Each structure stands twice: as structure tokens, then as C-alpha cells.
Amino acid sequence: MRKIVILDEEGLGGEELGFDALLAFGKVERHKNTRPEQRVERIKGCEIVLTNKVEITAEIMDACPEMRYIGVLSTRYNVVDVSAAKKRGIVVANIPAYSTYAVVQHSLALLLEICNHVHLHNQAVKAGRWENSPIYCFWEKPLTELAGKTLGIYGLGRIGQGLARAGQALGMRAISYTRTSKKLPDIEEVGLRELLERSDVFSICCPLTECTQGSIAKEQLFWMKKGAILLNCASGKIVVEEDVLSALEQGQISYYLADVMAQEPPQKGNRLLRHERAIVTPHLAWAPLETRRRLAETAVSNVRAYLEGREQNRV
């Protein structure tokens, strides 16, 4: 009987997402997590391997010759030595575009939090401030209207386009910098420096590559409008975090809104995390239950396609 192993389900949450559908294809072993020294033992004899964050190297492939398919349970597939897999005829597939709506939604949630301070004002109401107010309303911090402001999108893929549409729905102007021109009628494409100079909100929506790593550093941050907002739900390594902290401390940017860090989990005592104008969430933009079920459904569909001799989401 064909053997299938899932190496690390724990990072996908505790709910049943639909991986039981793999039972139609063979015997399935499911593990919450797998330590590096357990990889060979758990993969050996398996034709199909699903991994989220467990690395599969050339050495693991050589030690597990029965492995013919690696399904990466994310969009990024840097946990697999893809070149080594190709040389050995091992199919590698990923899950593209499953979280577009969720990441756009979370980006807006971060932005609206500092525009409307919903959490702060809810706490004030619960503390009795409204009950004791001498007038019919109050606010603890100034509120910001986004209409008429410029939303700069760095990277115009699915998430970038989705965020542009969301910003436009709020009355914002959307401009972008993208290496591959999309020629969309309602999004002006400009150079990176002009994008930074014109944006009231600058959102990083590009993938992490050799070209984008560290591409938003001290020089680029000081091209930005003074007091602009920097939003990052893409990768913590695209910015230089020490420079972002300096820009916050010097008042060059008003807020850093992020769902990602260069190191995850971050080191204890990270000063950027503790800055009062850094709003950071723990890499959860992709994590709504509906989104994770879509991931699992696509992962099962990828396996089915492989077994039927079809290419689907092969990297």
C-alpha cells in the first residue's frame, strides 16, 4: 500500500482541516511536528511527503529513495532543495494564492487599527469613560480618514492587487512599483523612489527574493513622506528592522504595521516589537479557518493530480 506522511501539522492549527481525504490514496501517518533527527525515520518508505516547515534536503532525499512527491503546505517552498529534487525526479508542489483574501483583510485590520483605535476606545468604554462623559462622545487619540490618501503597493501580485482594490474602496489612490508591469487601468505604476516619496501608506506586498531582501533600508525609509505609515505582511527580511526602528524613533515614519519579522519567533527583548508605534502580530494573516481549509483542500488536490499523472502547482 502507498505510504503518505505529514511531518508537521501543528503549525496549521488544531482543527481538522480535511487531510483525512488523503486516506483515499493510501496509508497516512500524521505528526504534529518532526525534529530534524526524526526526518529519515518518518519519511523512509513513503512515496508522498507533506511538509510545512520541516526542511527536506538532498541528504534526506538520498536517505529516502522511495520519496517521489513532496507537497509543501505553504506558498513559499524554500524548505525543500528544489534543485536536488529535480535531479532525482521528485515532484515538488506548493499551495499558491490560497491566502490572498486573508492577507488583504489582515493588512486592512492593521491599518484601520491605527486609524480608528478601535481596541483603545472599546477599553475606554468598558472602563466607564463613556458612562461618565459630560458630552455624547469622546475619543482618546486623533482619528484618521483614509479617503484621498495615497496607498503605495510594493509588488503587484494577487495580494498587491487585492489590497489596491480594498484601498480604493475606502477612497484611496493606489500606485505601485512592480518589476513586471501589469498595466492595470486604475493603478499607476511608478519607480520605487517615487512610490516611497508619494505614499501616505506604503505596503510591502512582494515576495522575498535576492532582489527584495533588505531593499527597504535607511536610504529608502528617508525617501518616504515624513509621518507615512509602513505596512508589511510579506516578509520581515525585506526591510532592515534596525533601520525601521531608527525611522520610528526619529519620527520619519509614524507607524510600522507588520505581521512578519526577520526572525520568527523573534528574539526576546526585540526593541522594534516594543516600540509604542510598532503594531506587530505573530504571522497569522494566513490563519483564518476558511483559509487553512482551502490550503488543505489544495494540498489534497495536488496529490490527486500527481497520482493521476497531471502537473498541478508544481514548482
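In this report, the structure presented in the accompanying data block is examined. (Residues numbered from 1 in each chain as written. Predicted model: local features only at pLDDT ≥ 70, side-chain atom pairs only at ≥ 80, totals over all residues. Heavy atoms only, no water.)

Points about the pairing of strand β7 (residues 173–177)
And then number 1: Of the pairings in the sheet, the one linking strand β6 (residues 150–154) to β7 comprises 5 bridges and is parallel in character. Bridge pairing in β7 links Thr150 to Arg173.
And then number 2: Considered for its hand, the β-α-β crossover made up of β6, helix α6 (residues 158–169) and β7 is right-handed.
And then number 3: Inspection of the sheet shows β7 paired to strand β8 (residues 188–189) by 2 bridges, in the parallel sense. Bridged to Ile175 within β8 is Glu188. (Pairing = 2+ DSSP bridges. Helix = DSSP H or I, 4+ residues; strand = E, 2+ residues; numbered from the N terminus. Right-handed = clockwise from strand over helix to strand, strands pointing away.)

Quick notes on the packing of aromatic side chains
And then number 1: One pass over the structure, following the stated rule, counts 3 aromatic pairs.
And then number 2: Seen in terms of ring centroids, Tyr69 and Tyr306 are 4.9 Å apart; in terms of plane orientation they differ by 35°. Their pairing is tilted. Taken together, the positions of Tyr69 in strand β4 (residues 69–72) and Tyr306 in helix α11 (residues 289–307) put the pair 237 residues apart, joining distant regions of the chain.
And then number 3: Look at Tyr69 and you get buried, because its relative accessible area is 1%.
And then number 4: Chaining the aromatic ring pairs together yields one cluster made of Tyr154, Tyr177 and Phe202. (Phe/Tyr/Trp six-rings, centres within 6.5 Å; stacked < 30°, edge-to-face > 60°. Buried < 20%, exposed > 50% of the residue type's maximum accessible area, 1.4 Å probe, protein only.)

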